[in-house]
Amino acid sequence: MASSPLTASALPCHLQALLEAGVRRRELGYRGRFAPSPTGALHRGNLRTALLSWLHARLRGGQWLLRIDDLDTPRNRSGAEAAILADLRWLGLTWDGEVLRQSERRGLYGTALSALRRQGLLYPCRCSRRLLADVSAPHGALAVYPGFCRDRGGGWGPEQGRLPSWRLRLAAGALRWPEAYAPPGALDAEAAIGDVVLRRADGFLAYHLATAVDELSLGISDVVRGDDLWSATGAQVAVMAALGAAPPSYGHVPLWRDAEGRRLSKREGAEGLDGYRQRGLDAAAVLGELAASAALVPPGSRLSAAELLQELSPGRLDRALRALQP
Ligand code: GLU
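Treat the numbers as computed from the prediction; the structure is a model and nothing was measured.

1. Regarding the overall build of the protein
Helix and strand content of the protein: 12 helices and 10 strands. Here the protein has a C-alpha radius of gyration of 21 Å; the compact-globule value for 326 residues is 20 Å, and the two agree. With respect to the principal axes defined by its C-alpha atoms, the protein has extents near 65 × 45 × 35 Å. Split into buried and exposed, the 326 residues of the protein put 52% on the buried side. By sequence separation, contacts in the protein at least 24 residues apart represent 77% of the contacts at least 6 residues apart. Of the roughly 15000 Å² of accessible surface on the protein, 51% is carried by carbon and sulfur atoms. In the protein, the 41 positive side-chain charges and the 33 negative ones have mean positions that sit 3 Å from each other.

2. Remarks on helix H7 (residues 207-217)
The buried fraction of H7 amounts to 9 of the 11 residues, a majority that puts the element mostly inside the structure. All buried positions along H7 are accounted for by Leu 209, Ala 210, Thr 211, Ala 212, Val 213, Asp 214, Glu 215, Leu 216 and Ser 217. Count one or two residues on from H7 and you reach Gly 219, which has phi positive near 70 degrees.

3. A few points about the packing of aromatic side chains
Per the counting criterion, the structure on display carries 4 aromatic pairs. Between Phe 34 and Trp 64 the ring centres are 5.9 Å apart and the planes differ by 10 degrees, which places this aromatic pair in the stacked class. Residue Phe 34 is found in strand E1 (residues 31-34), and its partner Trp 64 is found in strand E2 (residues 63-68); the two are separated by 30 residues along the sequence. Where Tyr 145 meets Phe 148, the ring centres are 6.4 Å apart and the plane angle is 75 degrees; that geometry is what we call edge-to-face. What makes Tyr 145 buried here is its relative accessible area of 7%. Given a relative accessible area of 43%, Phe 148 falls into the partly exposed group. Note that Arg 199 overlies the ring of Trp 166, its terminal NZ or CZ placed 4.9 Å from the centroid. Positioned above the aromatic ring of Trp 90, the side-chain terminus of Arg 277 is 4.6 Å from the ring centre.

4. As for the site of the ligand
Taken together, Arg 33, Ala 35, Pro 36, Ser 37, Asp 69, Tyr 207, Arg 225 and Leu 229 are the residues near the ligand. Between the ligand and Ser 37 there is a distance of 2.8 Å, counted from a nitrogen atom to a side-chain nitrogen or oxygen. In this structure, a nitrogen atom belonging to the ligand sits 2.7 Å away from a side-chain N or O atom of Asp 69.

5. Focus on the environment of Leu 198
Relative to the helices and strands, Leu 198 is located in strand E8 (residues 196-199). Along the primary structure Leu 198 and Gly 45 are separated by 153 residues, whereas in three dimensions their C-alpha atoms are 28 Å apart. Excluding its chain neighbours within four sequence positions, the residues that come into contact with Leu 198 are Leu 113, Leu 116, Leu 122, Trp 166, Leu 168, Phe 204, Leu 205, Ala 206, Leu 209 and Val 239.

6. Points about the packing of H7 against helix H8 (residues 232-242)
Relative to each other, H7 and H8 sit at 65 degrees, their axes nearing to 9 Å. Where H7 crosses over H8, the handedness of that crossing is right-handed. Only Ala 232, Ala 235, Gln 236, Val 239 and Met 240 of H8 make contact with H7, whose side of the interface consists of Tyr 207, His 208, Leu 209, Thr 211, Ala 212, Glu 215 and Leu 216.

7. A short note on the nonpolar core
The biggest cluster of nonpolar side chains holds 45 residues, and the ones touching the most others in it are Leu 168, Leu 170, Leu 198, Leu 209 and Leu 243. Core analysis: the second largest hydrophobic core is formed by 44 residues, Ile 84, Leu 93, Val 99 and Leu 303 among them.

So, how was this worked out
Residues numbered from 1 in each chain as written. Predicted model: local features only at pLDDT ≥ 70, side-chain atom pairs only at ≥ 80, totals over all residues. Heavy atoms only, no water. Helix = DSSP H or I, 4+ residues; strand = E, 2+ residues; numbered from the N terminus. Rg over C-alpha atoms; globule rule 2.2 N^0.38 Å. Buried < 20%, exposed > 50% of the residue type's maximum accessible area, 1.4 Å probe, protein only. Contact = heavy atoms within 4.5 Å. Areas by Shrake-Rupley, 256 points an atom, 1.4 Å probe, with all protein chains shown as cover. Lys, Arg positive; Asp, Glu negative; His and termini not counted. Charge placed at Lys NZ, Arg CZ, Asp CG, Glu CD. Phe/Tyr/Trp six-rings, centres within 6.5 Å; stacked < 30°, edge-to-face > 60°. Lys NZ or Arg CZ within 6 Å of the ring centre and 35° of its normal. Near = heavy atom within 4 Å. Polar contact = N/O pair within 3.5 Å; in protein donor to acceptor, adjacent residues only side chain to side chain. Axes fitted to C-alpha atoms, helices over the stretch in contact; angles between N-to-C directions. Left-handed = near helix turned anticlockwise from the far one by under 90°. Core = buried A, V, L, I, M, F, W, Y, C linked by side-chain atoms within 4.5 Å.

As structure tokens, this is what we get:
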């Protein structure tokens, strides 16, 4: 494992062994993943990102895992996971092994959280959302936590009936990661990221914690995902560093936007496979349209996922994804 603020003996043995096995695993060969949240059916933008991630893995002879990010239970929609699986199968985007669910891995994230807390890397934060909204820039969410509770001290128990959230204390300096397509992976911990919440005040484990533990323990070597997550990578790399490991390689790919340049959203009912099917398109036509939108094949192409693999090479995919960058 890479150098870290934790010594090997600071992590519980089973967590240490799991993380080390994961890091060894990624050195053995490519292992990618697709990690949708089950908040609704995949729209064509999500489907294109899934296709690009799958192609990136399969063109390199790699594995591709499917992980369902279902920790934020109030946002989960019933039937969404089944719809996601059915859509990926219909398109021929096959995954390796069992479907992984973050909701079934809570014990692992909890162990990592306790280890970080025992090391003094976490602190309780009592700032309410309202307070943070009041001190944030006039428009838009607070980008970086100003560190109000960093040196406040106090216990971890309830105060005025409220539990604290738990934040990871970030060391000053740049957080870096290997980045294939988007701008080079580097963000300043203090100016751009701030102390990351790993456990929310309502008890929910944070996505950054779960994702960082998963990328490491599952031996993920390459993460290809939407570029809306580029800046979230800094927070995830910070958690990985606290756990003593270097990040995988990332390839952030542009989101598919509508004619006005707005990102597609599940909530606003962006078209998914049902829409395509209602228009009478079969899987070959849909794959052709998804691939053509990334300039991988000429418009109007019809081909299966296996045929698309035959058409492309890793270099050709890389060139197309670089050309797609805004
Ligand atoms: N589940 C999250 C999403 O769908 C994160 C995905 C990821 O890390 O690739 O936006």
